[in-house]
Amino acid sequence: MSGAPAPVVAVRWRVALLALGALALVTGVLAGLARLGVGVPDAAAGKAALHGPLMIGGFFGVVISLERAVALGRRWAYAAPLLAGLSTLATFVGSAHGPWLLVAASAVLFAATADVVRRQPALFTFTLLCGVACWLAGNLAWALGGVPHASTWWWLAFLVLTITGERLELSRFLPPSPAARRAFAAILAAFAVALALEANGTEAGVRVLGASLVALATWLGRQDVARRTVRGEGLTRYVAACLLSGYAWLGFAGAMLALGETAPGGAQRDAALHALALGFVFAMVFGHAPIIVPAVLRSPVPYRPLFYVPLALLHASLAVRVTADLAGAVPLARAGGLANALVLALFVVTMATSVLRARRG
Amino acid sequence: MMRAMNAPAPPDESVVRDALATVVDPEAGMNIIDLGLVYRVESGPAGVVVDMTMTTPACPVADMLVDEARSAVAQVAPPGTPIDVRLVWDPIWNPSMMSGVAKDHFGWV
């Protein structure tokens, strides 16, 4: 009677789902390197055009929807990470159904998140739902239009709003003032308008999007409980350091989008997109992993000061890449991109060795 | 009947609460008692019952914290004591449920 109840989906199945996410991560990173002109195996080089969908749908789609399924504790919610994982496999067997599998995955995640909103109607749960709606919209645009780049902003909005919703939830430990809540709602509205403008082909859309990201970074930097917890110690302090450093990149990416020249294929666009995706989103991943991995896999990841090494190298290698992008130094940008990939691998190794050390006792 | 009479006494509720105060929500860096996540503690001859919640149903660490709470109670309960840690969502947690210690920690004025 004092034993723990079994989870609705056994841990070994969660591991299998995560393995599909890992496959997308590895393939997606190699596909990204192929775009930078780095020699990679043919299996990945042939997917250079799919870097975005593999990273956001195949990797983050699996991870985020798995995390939500674990939180909900409903078996049907696990269909979302499964479908997102199958979309990655579809690209390997040459199937054209990958985009539609992502549409189905995002539809299931939308239903799961709507269940969260039903249980707890609040600004932060609504923000999570908006994030999933963006993923669904981007996937539909890809499935119907056939080209992934038209969905870039929708997909990034999925990540930005998911992270923002989760931080907004934790900001309740020091509840924002009514004025701060109104400011947040205004930023969310500006973000939605920007996405609509961009989808409509209006050039100002990306600039409004950039401005709303700057406002969001400012809001999070002021309101996030990480400002307090960074004065703590151990894991809590490390997580806060990941968050606060990520907000700096979020603001930088927003400023670049608001002011820069971000036509598709340009170096400035590469700098802005990766400041957002690596500097902001992956910094959150680095911080969140030691909390989420134990929850999903039931394997502790004890904190080690070593965790700061991949974090510092992530920011340093990204700074090199972004600076090189802006200076037009193509070989250095390529080296920076390669260093970004190696840092992700170092992070995975750091987490894996921490899990193994803990298991050995 | 004899066995029940000889059974070790159940732990005091305050002892159970102290044990639960060693369980820390990793995101908040604060224990679940001060966060106001523990709604009810009952300790009697039938065992220990704990009702606890999370700050949100979207929280994936729920199962892990429930497991940790169960282990923490087991540390202070006589071996074989039935321990039932339940995850409840009624009422929904809100920040006013935090203790003064937690509110100070997060900078409430």
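Just above sits the structure.
Residues numbered from 1 in each chain as written. Chains lettered and ligands numbered in written order. Predicted model: local features only at pLDDT ≥ 70, side-chain atom pairs only at ≥ 80, totals over all residues.

**Q** How would you sum up the overall build of chain A? Please name residues and give values.
**A** Broken down by element type, chain A carries 14 helices and zero strands. Along the chain direction, N to C, the helices and strands of chain A fall in the order α-α-α-α-α-α-α-α-α-α-α-α-α-α. For chain A, whose C-alpha radius of gyration is 19 Å, the value lies close to the compact-globule estimate of 21 Å for 361 residues. Counting all 361 residues of chain A, 52% fall into the buried class. The contacts of chain A with a sequence gap of at least 6 include a subset with a gap of at least 24, amounting to 66%. (Helix = DSSP H or I, 4+ residues; strand = E, 2+ residues; numbered from the N terminus. Rg over C-alpha atoms; globule rule 2.2 N^0.38 Å. Buried ≥ 20, exposed ≤ 12 C-beta atoms within 10 Å, placed from the backbone. Contact = placed C-beta atoms within 7 Å.)

**Q** Any details on the overall build of chain B? Residues and values, ideally.
**A** A count of helical and extended segments in chain B gives four helices and five strands. Mapped in sequence order, the helices and strands of chain B form the string α-α-β-β-β-β-α-β-α. Referenced to the eigenvectors of the C-alpha coordinate spread, the extents of chain B come out at roughly 55 × 25 × 20 Å. Restricting to contacts in chain B with at least 6 residues of sequence separation, those with at least 24 account for 64%.

**Q** With reference to specific residues and values, describe the interface of chain B and chain A.
**A** Contacts between the two partners involve 26 residues from chain B, matched on the other side by 31 residues from chain A. Listed by contribution, the elements that provide at least two residues to the side of chain B that touches chain A are α3 (62-76) and β5 (83-87) of chain B. Taken together, the residues that form the side of chain B that touches chain A break down as 17 nonpolar, four polar and five charged. (Nonpolar A, V, L, I, M, F, W, Y, C, P; charged D, E, K, R; others polar.)

**Q** Quick rundown of the sheet that holds β5(B)? Include the residues and the values.
**A** Residue and element names in this part refer to chain B. As summarised here, the arrangement of the three strands in space is β3-β4-β5, forming an open sheet in which the pairing is mixed. Looking at the sheet topology across the chains shown, the edges are occupied by β3 (38-44) and β5. Pairwise comparison of adjacent strand axes, ignoring direction, gives a mean angle of 10 degrees for this sheet. Alignment of strand β4 (residues 47-52) against β5, held across five bridges, turns out to be parallel. Bridged to V50 within β5 is V85. Along the sheet, helix α2 (residues 13-20) contacts β3 and β4; its crossing angle with β3, the most-contacted strand, is approximately 135 degrees. (Pairing = 2+ DSSP bridges. Axes fitted to C-alpha atoms, helices over the stretch in contact; angles between N-to-C directions.)

**Q** Please give an account of the nonpolar core that cites residues and values.
**A** The biggest cluster of nonpolar side chains holds 157 residues, and the ones touching the most others in it are A253(A), L20(B), A69(B) and V73(B). Among the elements that make up this core, the one with the highest residue count is helix α12 (residues 267-297) of chain A (17 residues). Discounting residues that sit within four places of it in the chain, A253(A) has contacts with L213(A), A272(A), A275(A), L276(A) and F280(A). (Core = buried A, V, L, I, M, F, W, Y, C linked by C-beta atoms within 7 Å.)

**Q** Break down helix α3 (residues 51-72) of chain A for me, citing the residues and quoting the values.
**A** In an α-helix, one full turn covers 3.6 residues, which means residues spaced three or four apart are oriented alike. Residue and element names in this part refer to chain A. The end-to-end C-alpha distance of α3, which contains 22 residues, comes to 30 Å, matching closely the 32 Å that a straight helix rising 1.5 Å per residue would cover. At F60, α3 shows its maximal bend, which comes to roughly 35 degrees. Buried residues dominate α3, accounting for 22 of its 22 residues. Positive backbone phi, approximately 70 degrees, marks G73, located one or two places after α3. (Expected span 1.5 Å × (residues − 1). Bend = angle between axes of the 7 residues up to and from the residue.)

**Q** Go over the packing of helix α6 (residues 123-145) of chain A against helix α8 (residues 178-199) of chain A, please, and point to the residues and values.
**A** Angle between the axes and distance between the axes: these two values describe a pair of packed helices. Residue and element names in this part refer to chain A. Taken N-terminus to C-terminus, the directions of α6 and α8 make an angle of 10 degrees; their axes are 12 Å apart at the nearest point. Overall, the two elements α6 and α8 adopt an arrangement that is roughly parallel. Residues L123, T127, C130 and C134 of α6 touch α8, and the partners they reach there are R181, F184, L188 and L195. Residue composition of the contact of α6 with α8, grouped by class: six nonpolar, one polar and one charged. (Parallel < 35°, antiparallel > 145°, perpendicular 65-115°, else oblique.)

**Q** An account of the packing of helix α4 (residues 79-92) of chain A against helix α5 (residues 98-119) of chain A is requested, with residue identities and associated values reported.
**A** Residue and element names in this part refer to chain A. Contact geometry for α4 and α5: axes closest at 8 Å, N-to-C directions at 170 degrees. What the angle tells us is that α4 and α5 run roughly antiparallel. Of α5, the residues touching α4 (which contributes A79, A80, L83, A84, L86, S87, A90 and T91) are G98, L101, L102, A104, A105, V108, L109 and A112. Its residues assigned to classes, the contact of α4 with α5 comprises 13 nonpolar, three polar and no charged.

**Q** Explain unusual backbone geometry residue by residue, including any values.
**A** The omega torsion of the bond from D90(B) to P91(B) falls at 0 degrees, within 30 degrees of zero and hence cis. Considering the arrangement of structural elements, one finds P91(B) in the loop between β5 and α4 (100-105).

**Q** Explain the pairing of β3(B) to me, and be specific about the residues and the numbers.
**A** Where β3(B) and β4(B) come together, six bridges link them in antiparallel fashion. Residue pairing in the sheet places V38(B) in a bridge with M52(B) of β4(B).

**Q** Quick rundown of the environment of A335(A)? Include the residues and the values.
**A** Tracing the backbone through its elements, the reader meets A335(A) in helix α14 (residues 330-360). With 17 C-beta atoms counted inside 10 Å, the residue A335(A) sits in the partly exposed group.

**Q** Run through the environment of G246(A), naming residues and quoting values.
**A** Residues and elements named next belong to chain A. On the secondary structure map, G246 appears in helix α11 (residues 234-259). Taking the C-alpha atoms as reference, G246 lies 32 Å from G146; in sequence the two are 100 residues apart. Setting aside residues up to four positions removed in sequence, G246 forms contacts with G279, F280, A283 and M284.

**Q** Provide a residue-level description of α8(A), including the pertinent values.
**A** Residue and element names in this part refer to chain A. A rise of 1.5 Å per residue sets the reference length of α8, with its 22 residues, at 32 Å; its end C-alpha atoms lie 32 Å apart and thus fit the reference within 8%. Taken together, the buried positions of α8 are F184, I187, L188, F191, A194, L195 and E198. Taken around the axis of α8, the buried residues stretch over an arc of 120 degrees, which confines them to a single face. In α8, the exposed residues that point more than 90 degrees away from the buried face are P178, A179, R182, A189 and A196. (Arc of directions from axis to C-beta.)

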